[in-house]
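# Topology and contacts: notes
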Amino acid sequence: MYMKLIGPFKQIIPMTGLSLKGSISDDELNIVEDGGILVDGEHIKSVGKYADLLVKAKEVSAELVELKGNHVCLPGLIDSHTHICYSGSRANDYAMRNAGKTYLEIAKAGGGIWDTVTQTRKASKEELVKGIIKRAKRHLLNGVTTIEVKSGYGLSVDEEIKMLRAIKEANTVLPTDLIPTCLAAHMLPRDYPGTAEEYLAEISTVLFPILKEKGLTNRIDAFIEEGAFTKKMITPYFEKAKEMGFDITVHADQFSTGGSEVAVGFNAISADHLEASTSKEIELLAKSNVIATALPGASIGLGCTFTPARQLLEAGGALAIASDHNPGSAPMGDLLTQASILGTFQKLTNTEVWAGITFRAAAALNLSDRGQLKGGFLADFILFHTDNNQEILYNQGAFKPCMVWKKGELVYDKHKS
Ligand SMILES: [Zn+2]
(Lines give C-alpha, C1' and ligand atoms only; values in the text may rest on other atoms or scores of the structure.)
Protein backbone atom coordinates (compact mmCIF):
# COMPACT_ATOMS: atom_id res chain seq x y z
CA MET A 1 0.00 0.00 0.00
CA TYR A 2 0.92 3.66 -0.44
CA MET A 3 2.22 4.97 2.88
CA LYS A 4 2.75 8.50 4.13
CA LEU A 5 3.90 10.07 7.36
CA ILE A 6 2.02 13.20 8.40
CA GLY A 7 3.37 15.52 11.09
CA PRO A 8 4.95 16.66 13.27
CA PHE A 9 2.01 17.70 15.43
CA LYS A 10 2.48 19.60 18.69
CA GLN A 11 -0.30 17.42 20.18
CA ILE A 12 -2.25 14.43 18.94
CA ILE A 13 -5.45 13.66 20.88
CA PRO A 14 -6.13 10.06 19.80
CA MET A 15 -9.20 9.56 22.06
CA THR A 16 -7.96 6.08 22.90
CA GLY A 17 -8.12 4.22 26.23
CA LEU A 18 -11.33 5.98 27.34
CA SER A 19 -14.50 4.24 28.46
CA LEU A 20 -17.58 4.16 26.26
CA LYS A 21 -19.84 4.85 29.23
CA GLY A 22 -19.85 7.24 32.17
CA SER A 23 -17.96 10.36 33.22
CA ILE A 24 -14.42 11.05 32.01
CA SER A 25 -12.04 13.49 33.72
CA ASP A 26 -9.62 15.59 31.70
CA ASP A 27 -6.75 13.84 33.51
CA GLU A 28 -7.64 10.71 31.55
CA LEU A 29 -7.12 12.43 28.16
CA ASN A 30 -4.25 10.79 26.35
CA ILE A 31 -2.03 13.39 24.62
CA VAL A 32 0.82 12.43 22.28
CA GLU A 33 3.28 15.35 22.27
CA ASP A 34 5.36 15.95 19.10
CA GLY A 35 3.53 13.16 17.36
CA GLY A 36 3.00 11.88 13.86
CA ILE A 37 0.56 9.64 12.02
CA LEU A 38 1.75 6.96 9.63
CA VAL A 39 -0.99 6.35 7.08
CA ASP A 40 -1.37 3.24 4.93
CA GLY A 41 -3.86 3.94 2.13
CA GLU A 42 -7.20 4.83 3.73
CA HIS A 43 -6.19 3.61 7.19
CA ILE A 44 -3.88 4.53 10.02
CA LYS A 45 -0.82 2.31 10.34
CA SER A 46 0.40 3.84 13.60
CA VAL A 47 0.28 6.90 15.81
CA GLY A 48 3.28 7.85 17.93
CA LYS A 49 6.29 10.12 18.44
CA TYR A 50 7.22 11.76 15.15
CA ALA A 51 10.92 11.01 15.60
CA ASP A 52 10.23 7.26 15.99
CA LEU A 53 7.81 7.16 13.07
CA LEU A 54 10.32 8.99 10.86
CA VAL A 55 12.72 6.06 11.20
CA LYS A 56 9.93 3.61 10.31
CA ALA A 57 8.76 5.80 7.41
CA LYS A 58 12.23 5.78 5.86
CA GLU A 59 12.41 1.98 6.10
CA VAL A 60 9.19 1.61 4.11
CA SER A 61 9.92 4.62 1.81
CA ALA A 62 6.76 6.44 2.93
CA GLU A 63 6.07 9.89 1.56
CA LEU A 64 6.77 12.63 4.13
CA VAL A 65 4.03 15.24 4.53
CA GLU A 66 5.87 17.72 6.71
CA LEU A 67 3.81 20.39 8.45
CA LYS A 68 5.14 23.77 9.52
CA GLY A 69 3.99 25.51 12.72
CA ASN A 70 2.07 24.17 15.71
CA HIS A 71 -0.90 21.91 15.18
CA VAL A 72 -3.25 19.93 17.41
CA CYS A 73 -4.68 16.82 15.72
CA LEU A 74 -8.00 15.16 16.63
CA PRO A 75 -10.12 12.43 15.04
CA GLY A 76 -12.49 13.64 12.30
CA LEU A 77 -15.74 14.65 14.00
CA ILE A 78 -18.85 12.46 13.69
CA ASP A 79 -22.33 14.00 13.52
CA SER A 80 -24.59 11.06 14.36
CA HIS A 81 -28.00 12.75 13.86
CA THR A 82 -28.98 15.14 11.04
CA HIS A 83 -31.81 15.84 8.62
CA ILE A 84 -29.75 17.62 5.91
CA CYS A 85 -31.71 16.09 3.01
CA TYR A 86 -34.52 18.62 2.47
CA SER A 87 -35.78 21.46 0.36
CA GLY A 88 -37.07 24.90 1.35
CA SER A 89 -36.47 27.17 4.31
CA ARG A 90 -38.35 27.59 7.58
CA ALA A 91 -36.99 31.09 8.33
CA ASN A 92 -40.57 32.31 8.77
CA ASP A 93 -41.26 29.61 11.42
CA TYR A 94 -38.15 30.71 13.30
CA ALA A 95 -39.20 34.38 13.24
CA MET A 96 -42.76 33.53 14.31
CA ARG A 97 -41.57 31.24 17.12
CA ASN A 98 -39.23 33.90 18.47
CA ALA A 99 -42.09 36.42 18.22
CA GLY A 100 -44.05 34.22 20.62
CA LYS A 101 -46.36 32.37 18.21
CA THR A 102 -47.45 28.88 19.22
CA TYR A 103 -46.81 25.64 17.36
CA LEU A 104 -50.46 25.66 16.18
CA GLU A 105 -50.32 29.26 14.95
CA ILE A 106 -47.15 28.45 12.97
CA ALA A 107 -48.77 25.33 11.48
CA LYS A 108 -51.86 27.39 10.51
CA ALA A 109 -49.60 29.90 8.74
CA GLY A 110 -48.28 27.01 6.61
CA GLY A 111 -45.17 26.20 8.69
CA GLY A 112 -43.98 23.16 10.60
CA ILE A 113 -42.63 19.79 9.39
CA TRP A 114 -45.45 19.50 6.84
CA ASP A 115 -44.10 22.56 5.01
CA THR A 116 -40.70 20.84 4.61
CA VAL A 117 -42.47 17.64 3.47
CA THR A 118 -44.33 19.61 0.78
CA GLN A 119 -41.16 21.38 -0.41
CA THR A 120 -39.10 18.17 -0.36
CA ARG A 121 -41.72 16.25 -2.33
CA LYS A 122 -41.70 19.03 -4.97
CA ALA A 123 -37.91 18.87 -5.31
CA SER A 124 -36.26 16.50 -7.78
CA LYS A 125 -33.75 13.95 -6.54
CA GLU A 126 -30.99 16.01 -8.21
CA GLU A 127 -32.05 19.14 -6.30
CA LEU A 128 -31.94 17.18 -3.04
CA VAL A 129 -28.45 15.88 -3.88
CA LYS A 130 -27.26 19.46 -4.43
CA GLY A 131 -28.68 20.56 -1.07
CA ILE A 132 -27.01 17.69 0.79
CA ILE A 133 -23.65 18.41 -0.86
CA LYS A 134 -23.86 22.11 0.02
CA ARG A 135 -24.62 21.38 3.68
CA ALA A 136 -22.16 18.50 4.05
CA LYS A 137 -19.38 20.70 2.63
CA ARG A 138 -20.04 23.23 5.37
CA HIS A 139 -19.88 20.44 7.95
CA LEU A 140 -16.54 19.36 6.45
CA LEU A 141 -15.08 22.86 6.99
CA ASN A 142 -16.15 22.47 10.62
CA GLY A 143 -14.24 19.19 10.86
CA VAL A 144 -17.09 16.70 10.41
CA THR A 145 -15.97 13.73 8.30
CA THR A 146 -18.93 11.38 8.94
CA ILE A 147 -22.57 12.52 8.89
CA GLU A 148 -25.70 10.53 9.56
CA VAL A 149 -28.53 11.74 7.28
CA LYS A 150 -32.21 10.85 7.77
CA SER A 151 -35.05 10.67 5.30
CA GLY A 152 -38.44 11.53 6.82
CA TYR A 153 -39.64 14.45 4.69
CA GLY A 154 -40.99 12.16 1.98
CA LEU A 155 -43.50 10.17 4.06
CA SER A 156 -44.60 7.83 1.29
CA VAL A 157 -42.89 4.76 -0.12
CA ASP A 158 -41.78 6.54 -3.33
CA GLU A 159 -40.81 9.83 -1.72
CA GLU A 160 -38.80 8.13 1.04
CA ILE A 161 -36.97 6.14 -1.66
CA LYS A 162 -36.25 9.39 -3.53
CA MET A 163 -34.68 10.90 -0.40
CA LEU A 164 -32.59 7.81 0.41
CA ARG A 165 -31.39 7.61 -3.21
CA ALA A 166 -30.37 11.29 -3.02
CA ILE A 167 -28.37 10.57 0.17
CA LYS A 168 -26.71 7.57 -1.50
CA GLU A 169 -25.82 9.61 -4.57
CA ALA A 170 -24.42 12.54 -2.55
CA ASN A 171 -22.28 10.02 -0.67
CA THR A 172 -20.54 8.99 -3.90
CA VAL A 173 -19.66 12.62 -4.73
CA LEU A 174 -18.43 13.79 -1.32
CA PRO A 175 -15.29 12.83 0.60
CA THR A 176 -17.49 12.77 3.73
CA ASP A 177 -19.17 9.47 4.63
CA LEU A 178 -22.96 9.82 4.76
CA ILE A 179 -24.75 7.22 6.87
CA PRO A 180 -28.40 6.98 5.73
CA THR A 181 -31.35 6.33 8.08
CA CYS A 182 -35.00 5.77 7.18
CA LEU A 183 -37.27 8.06 9.19
CA ALA A 184 -40.53 7.34 7.38
CA ALA A 185 -42.05 7.27 10.90
CA HIS A 186 -41.41 11.01 11.38
CA MET A 187 -45.12 11.93 11.43
CA LEU A 188 -48.36 10.61 9.97
CA PRO A 189 -48.56 12.34 6.57
CA ARG A 190 -51.60 14.64 6.41
CA ASP A 191 -52.66 13.27 3.05
CA TYR A 192 -52.56 9.60 4.14
CA PRO A 193 -56.08 8.14 3.77
CA GLY A 194 -55.78 5.64 6.65
CA THR A 195 -54.77 5.46 10.32
CA ALA A 196 -51.27 5.76 11.79
CA GLU A 197 -51.23 1.96 12.27
CA GLU A 198 -52.10 1.43 8.61
CA TYR A 199 -49.42 3.87 7.47
CA LEU A 200 -46.72 2.15 9.55
CA ALA A 201 -47.87 -1.28 8.35
CA GLU A 202 -47.62 -0.13 4.72
CA ILE A 203 -44.14 1.32 5.23
CA SER A 204 -42.85 -1.80 6.99
CA THR A 205 -44.30 -4.29 4.52
CA VAL A 206 -43.66 -2.36 1.29
CA LEU A 207 -40.69 -0.03 1.95
CA PHE A 208 -38.53 -2.15 4.32
CA PRO A 209 -37.89 -4.95 1.78
CA ILE A 210 -36.95 -2.35 -0.88
CA LEU A 211 -34.49 -0.70 1.52
CA LYS A 212 -32.80 -4.08 2.02
CA GLU A 213 -32.89 -5.08 -1.63
CA LYS A 214 -31.50 -1.77 -2.95
CA GLY A 215 -29.04 -1.27 -0.08
CA LEU A 216 -30.55 2.12 0.76
CA THR A 217 -30.11 1.93 4.52
CA ASN A 218 -29.60 -0.42 7.43
CA ARG A 219 -31.13 1.90 10.01
CA ILE A 220 -34.75 2.54 11.02
CA ASP A 221 -35.73 5.55 13.12
CA ALA A 222 -39.07 6.69 14.58
CA PHE A 223 -40.33 9.83 16.31
CA ILE A 224 -42.03 8.71 19.51
CA GLU A 225 -43.88 11.70 20.89
CA GLU A 226 -47.34 13.05 21.64
CA GLY A 227 -48.67 14.13 18.26
CA ALA A 228 -46.28 11.80 16.39
CA PHE A 229 -46.26 8.05 17.18
CA THR A 230 -46.98 6.21 20.43
CA LYS A 231 -45.18 3.22 21.91
CA LYS A 232 -48.14 1.03 20.96
CA MET A 233 -48.10 2.15 17.32
CA ILE A 234 -44.35 1.75 16.95
CA THR A 235 -44.02 -1.68 18.60
CA PRO A 236 -45.07 -3.81 15.56
CA TYR A 237 -43.08 -1.46 13.28
CA PHE A 238 -39.85 -1.94 15.24
CA GLU A 239 -40.57 -5.68 15.64
CA LYS A 240 -40.68 -5.98 11.87
CA ALA A 241 -37.50 -3.89 11.49
CA LYS A 242 -35.65 -6.05 14.04
CA GLU A 243 -36.85 -9.24 12.38
CA MET A 244 -35.38 -8.00 9.09
CA GLY A 245 -32.04 -7.16 10.71
CA PHE A 246 -32.22 -3.35 10.73
CA ASP A 247 -30.50 -1.29 13.42
CA ILE A 248 -32.99 0.75 15.45
CA THR A 249 -32.64 4.34 16.58
CA VAL A 250 -35.26 6.52 18.25
CA HIS A 251 -36.25 10.19 18.52
CA ALA A 252 -37.04 9.90 22.23
CA ASP A 253 -38.19 12.06 25.15
CA GLN A 254 -38.02 15.38 23.28
CA PHE A 255 -41.14 16.96 24.79
CA SER A 256 -42.67 14.01 26.68
CA THR A 257 -41.22 10.75 28.03
CA GLY A 258 -41.80 7.23 26.71
CA GLY A 259 -39.43 6.99 23.77
CA SER A 260 -36.35 6.02 25.76
CA GLU A 261 -38.22 3.06 27.27
CA VAL A 262 -39.00 1.82 23.75
CA ALA A 263 -35.35 2.36 22.73
CA VAL A 264 -34.12 0.25 25.66
CA GLY A 265 -36.80 -2.39 25.08
CA PHE A 266 -35.74 -2.84 21.46
CA ASN A 267 -32.03 -2.62 22.29
CA ALA A 268 -31.74 0.38 19.96
CA ILE A 269 -28.29 1.61 18.94
CA SER A 270 -29.17 5.10 20.16
CA ALA A 271 -31.91 7.20 21.77
CA ASP A 272 -31.70 10.82 20.66
CA HIS A 273 -33.02 14.14 22.12
CA LEU A 274 -33.89 13.23 25.77
CA GLU A 275 -34.52 16.85 26.77
CA ALA A 276 -37.58 15.71 28.76
CA SER A 277 -35.93 12.65 30.35
CA THR A 278 -36.32 12.40 34.13
CA SER A 279 -34.19 10.40 36.59
CA LYS A 280 -36.25 7.31 35.75
CA GLU A 281 -35.39 7.43 32.01
CA ILE A 282 -31.79 8.37 32.74
CA GLU A 283 -31.36 5.32 35.01
CA LEU A 284 -32.94 3.08 32.40
CA LEU A 285 -30.67 4.36 29.61
CA ALA A 286 -27.54 4.27 31.79
CA LYS A 287 -28.09 0.58 32.59
CA SER A 288 -28.57 -0.30 28.89
CA ASN A 289 -26.29 -0.46 25.86
CA VAL A 290 -28.20 2.36 24.16
CA ILE A 291 -26.11 5.44 23.34
CA ALA A 292 -27.87 8.56 24.65
CA THR A 293 -27.51 11.37 22.15
CA ALA A 294 -27.88 15.02 23.12
CA LEU A 295 -28.92 17.44 20.38
CA PRO A 296 -27.97 20.92 21.65
CA GLY A 297 -28.75 22.42 18.23
CA ALA A 298 -32.45 21.68 18.79
CA SER A 299 -32.37 23.22 22.29
CA ILE A 300 -30.68 26.34 20.89
CA GLY A 301 -33.02 26.49 17.89
CA LEU A 302 -36.19 26.16 19.98
CA GLY A 303 -34.97 27.98 23.07
CA CYS A 304 -35.63 24.86 25.19
CA THR A 305 -33.71 23.17 27.98
CA PHE A 306 -30.67 21.03 27.18
CA THR A 307 -30.54 17.25 27.51
CA PRO A 308 -29.47 16.38 31.09
CA ALA A 309 -26.06 15.30 29.83
CA ARG A 310 -24.22 15.65 33.15
CA GLN A 311 -26.80 13.50 34.92
CA LEU A 312 -26.65 10.86 32.16
CA LEU A 313 -22.87 10.58 32.51
CA GLU A 314 -23.00 10.51 36.33
CA ALA A 315 -25.51 7.66 36.10
CA GLY A 316 -23.04 5.77 33.92
CA GLY A 317 -24.62 6.38 30.50
CA ALA A 318 -22.85 6.77 27.16
CA LEU A 319 -23.28 10.29 25.78
CA ALA A 320 -22.95 11.26 22.13
CA ILE A 321 -23.58 14.81 20.91
CA ALA A 322 -25.04 15.56 17.47
CA SER A 323 -26.29 18.64 15.61
CA ASP A 324 -29.82 17.51 14.60
CA HIS A 325 -29.22 19.90 11.64
CA ASN A 326 -32.68 20.43 10.11
CA PRO A 327 -34.60 23.32 8.55
CA GLY A 328 -37.08 23.67 11.43
CA SER A 329 -35.78 23.31 14.96
CA ALA A 330 -31.99 23.21 14.39
CA PRO A 331 -30.98 25.37 11.42
CA MET A 332 -27.44 26.20 12.62
CA GLY A 333 -25.77 22.86 11.93
CA ASP A 334 -22.45 23.66 13.58
CA LEU A 335 -21.54 20.63 15.70
CA LEU A 336 -18.38 22.02 17.32
CA THR A 337 -20.14 25.23 18.43
CA GLN A 338 -23.14 23.33 19.80
CA ALA A 339 -21.04 20.71 21.60
CA SER A 340 -18.94 23.48 23.19
CA ILE A 341 -22.06 25.28 24.39
CA LEU A 342 -23.59 22.07 25.77
CA GLY A 343 -20.32 21.56 27.65
CA THR A 344 -20.64 25.00 29.24
CA PHE A 345 -24.28 24.63 30.27
CA GLN A 346 -24.11 20.99 31.37
CA LYS A 347 -20.65 21.17 32.97
CA LEU A 348 -19.01 18.56 30.79
CA THR A 349 -15.26 18.10 30.82
CA ASN A 350 -13.45 18.85 27.56
CA THR A 351 -12.79 15.12 27.25
CA GLU A 352 -16.51 14.28 27.60
CA VAL A 353 -17.33 16.80 24.87
CA TRP A 354 -14.68 15.37 22.52
CA ALA A 355 -15.84 11.82 23.31
CA GLY A 356 -19.41 12.82 22.40
CA ILE A 357 -18.44 13.92 18.90
CA THR A 358 -15.80 11.26 18.20
CA PHE A 359 -15.78 7.65 19.47
CA ARG A 360 -19.07 7.76 21.37
CA ALA A 361 -20.73 9.22 18.25
CA ALA A 362 -19.21 6.37 16.23
CA ALA A 363 -20.85 3.91 18.65
CA ALA A 364 -24.17 5.75 18.14
CA LEU A 365 -23.87 4.73 14.47
CA ASN A 366 -22.63 1.21 15.24
CA LEU A 367 -19.33 2.04 13.49
CA SER A 368 -16.15 0.53 14.92
CA ASP A 369 -13.59 1.86 12.42
CA ARG A 370 -13.50 5.57 13.32
CA GLY A 371 -13.67 8.12 16.12
CA GLN A 372 -10.20 7.28 17.48
CA LEU A 373 -6.72 7.65 16.06
CA LYS A 374 -5.03 4.25 16.17
CA GLY A 375 -3.73 1.48 13.93
CA GLY A 376 -6.38 -0.07 11.68
CA PHE A 377 -8.83 2.82 12.02
CA LEU A 378 -9.75 5.15 9.14
CA ALA A 379 -7.24 7.96 8.60
CA ASP A 380 -9.86 10.65 9.34
CA PHE A 381 -8.37 13.54 11.29
CA ILE A 382 -8.55 17.30 11.67
CA LEU A 383 -5.90 19.87 12.54
CA PHE A 384 -6.15 23.10 14.49
CA HIS A 385 -3.48 25.77 14.33
CA THR A 386 -2.54 25.91 18.03
CA ASP A 387 -0.16 24.28 20.50
CA ASN A 388 -2.83 23.64 23.17
CA ASN A 389 -5.95 21.51 22.61
CA GLN A 390 -7.88 23.44 25.29
CA GLU A 391 -7.94 26.49 22.99
CA ILE A 392 -10.40 24.73 20.70
CA LEU A 393 -13.45 24.31 22.97
CA TYR A 394 -12.50 27.53 24.79
CA ASN A 395 -13.30 29.39 21.55
CA GLN A 396 -16.79 27.79 21.57
CA GLY A 397 -16.75 26.82 17.94
CA ALA A 398 -15.34 30.05 16.50
CA PHE A 399 -11.94 28.37 16.12
CA LYS A 400 -12.21 26.18 13.02
CA PRO A 401 -9.90 23.43 11.78
CA CYS A 402 -7.22 24.48 9.29
CA MET A 403 -6.94 21.06 7.65
CA VAL A 404 -9.19 18.04 7.25
CA TRP A 405 -7.92 14.61 6.25
CA LYS A 406 -10.40 11.95 5.14
CA LYS A 407 -9.32 8.35 4.49
CA GLY A 408 -5.71 9.46 4.24
CA GLU A 409 -6.34 12.30 1.78
CA LEU A 410 -6.15 16.03 2.46
CA VAL A 411 -9.68 17.16 1.58
CA TYR A 412 -9.58 20.67 3.05
CA ASP A 413 -6.66 23.01 3.53
CA LYS A 414 -7.48 26.49 4.80
CA HIS A 415 -4.12 27.82 3.58
CA LYS A 416 -5.02 26.89 0.01
CA SER A 417 -8.65 27.98 -0.09
ZN1 LIG B 1 -33.97 14.66 14.53
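Before reading further, recall that the structure is shown in the block above.
Quick look at the structure, then.

What counts, and where the lines are drawn
Residues numbered from 1 in each chain as written. Predicted model: local features only at pLDDT ≥ 70, side-chain atom pairs only at ≥ 80, totals over all residues. Heavy atoms only, no water. Donors = N, O, S within 2.8 Å, 3.2 Å for Na, K, Ca; no water. Tetrahedral: all angles 85-135°; square planar, octahedral: opposite > 155°, others 65-115°. Helix = DSSP H or I, 4+ residues; strand = E, 2+ residues; numbered from the N terminus. Buried < 20%, exposed > 50% of the residue type's maximum accessible area, 1.4 Å probe, protein only. Pairing = 2+ DSSP bridges. Axes fitted to C-alpha atoms, helices over the stretch in contact; angles between N-to-C directions. Contact = heavy atoms within 4.5 Å. Salt bridge = Lys/Arg side-chain N within 4 Å of Asp/Glu carboxyl O. Right-handed = clockwise from strand over helix to strand, strands pointing away. Phe/Tyr/Trp six-rings, centres within 6.5 Å; stacked < 30°, edge-to-face > 60°. Lys NZ or Arg CZ within 6 Å of the ring centre and 35° of its normal.

### A short note on the coordination of the zinc ion
- Around the zinc ion, the protein supplies His81 (NE2), His83 (NE2), His251 (NE2) and Asp324 (OD) as donor atoms, at distances of 2.0 to 2.5 Å.
- Its 4 donor atoms give the zinc ion angles of 82 to 167 degrees at the centre, a pattern that matches the irregular case.
- Sequence positions of the residues that donate to the zinc ion give the spacing H-x1-H-x167-H-x72-D. Here the residue histidine 81 occupies a position in the loop between β6 (77-79) and α2 (91-98), and aspartate 324 occupies one in the loop between β13 (318-321) and α13 (335-346), the gap between them amounting to 243 residues. For the residue pair histidine 81 and aspartate 324, the accessibility class agrees, reading buried in each case.

### A closer look at unusual backbone geometry
- With an omega of -5 degrees, the peptide bond running from glycine 7 to proline 8 counts as cis.
- Position of proline 8 relative to the elements: it lies in strand β1 (residues 3-12).
- The residue aspartate 34 is not glycine, and still its phi comes out positive at about 50 degrees.
- When you line up the elements, aspartate 34 lands in strand β2 (residues 32-40).
- Here leucine 155, not a glycine, exhibits a phi torsion of approximately 55 degrees, which is positive.
- Looking at the element boundaries, leucine 155 is found in the loop between β7 (144-150) and α6 (157-173).

### Quick word on the sheet that holds β13
- Strand order in the open sheet formed by 8 strands is β6-β7-β8-β9-β10-β11-β12-β13, and the pairing between neighbours is parallel. Every other strand in the sheet has two partners, leaving β6 and β13 as the edge strands with one partner each. The mean inter-strand angle of the sheet, taken between neighbouring strand axes irrespective of direction, is 25 degrees.
- When strand β10 (residues 247-252) meets strand β11 (residues 270-273), the two strands line up parallel, connected through 4 bridges. Bridge pairing links valine 250 to alanine 271 in β11.
- Helix-sheet contacts for helix α5 (residues 125-141) involve β6, β7 and β8 (177-185), and the interaxial angle to β7 is about 145 degrees.
- Taken strand by strand, α13 contacts β6, β7, β12 (291-294) and β13, and its axis lies near 90 degrees from that of β6.

### Brief notes about the pattern of salt bridges
- Under the defined criterion, the tally for this structure stands at 20 salt bridges.
- Lysine 150 is paired through a salt bridge with aspartate 221; the nearest N and O atoms lie 2.8 Å apart. Of this pair, lysine 150 sits in strand β7 while aspartate 221 sits in strand β9 (residues 219-223), and the two are 71 residues apart along the sequence. An identical accessibility class is assigned to lysine 150 and aspartate 221; each is buried.
- Among the charged side chains, a network of salt bridges with common partners joins Asp177, Asp369, Arg370, Asp380, Lys406 and Lys407.

### Observations concerning the pairing of β11
- With helix α9 (residues 259-265) bridging β10 and the parallel β11, this β-α-β connection has right-handed handedness.
- Here β11 pairs with β12 via 3 bridges, running parallel. Note that in β12 the partner of aspartate 272 across the bridge is threonine 293.
- In this region the chain leaves β11, passes through helix α10 (residues 279-287) and returns to the parallel neighbour β12; the handedness of that crossover is right-handed.

### Focus: the packing of aromatic side chains
- Here the structure, examined in full by the defined rule, presents 9 aromatic pairs.
- Centroid distance phenylalanine 306 to phenylalanine 345: 5.2 Å. Interplanar angle 35 degrees. Geometry classified as tilted. Taken together, the residues span a long stretch of sequence, with phenylalanine 306 in the loop between α11 (296-302) and α12 (309-314) and phenylalanine 345 in helix α13 at a distance of 39 residues.
- Under the relative-accessibility criterion, phenylalanine 306 is labelled buried at 16%.
- Between phenylalanine 381 and tryptophan 405, the aromatic rings sit 5.8 Å apart at their centres with planes inclined by 20 degrees, giving stacked as the arrangement. Highlighted residues: phenylalanine 381 in strand β14 (residues 381-384) and tryptophan 405 in strand β15 (residues 403-406), separated in sequence by 24 residues.
- Over the face of the ring belonging to tyrosine 86 we find arginine 135, whose NZ or CZ atom lies 3.6 Å from the ring centre.
- When the ring centre of phenylalanine 246 is taken as reference, the NZ or CZ atom of lysine 212 above it lies at 4.5 Å.

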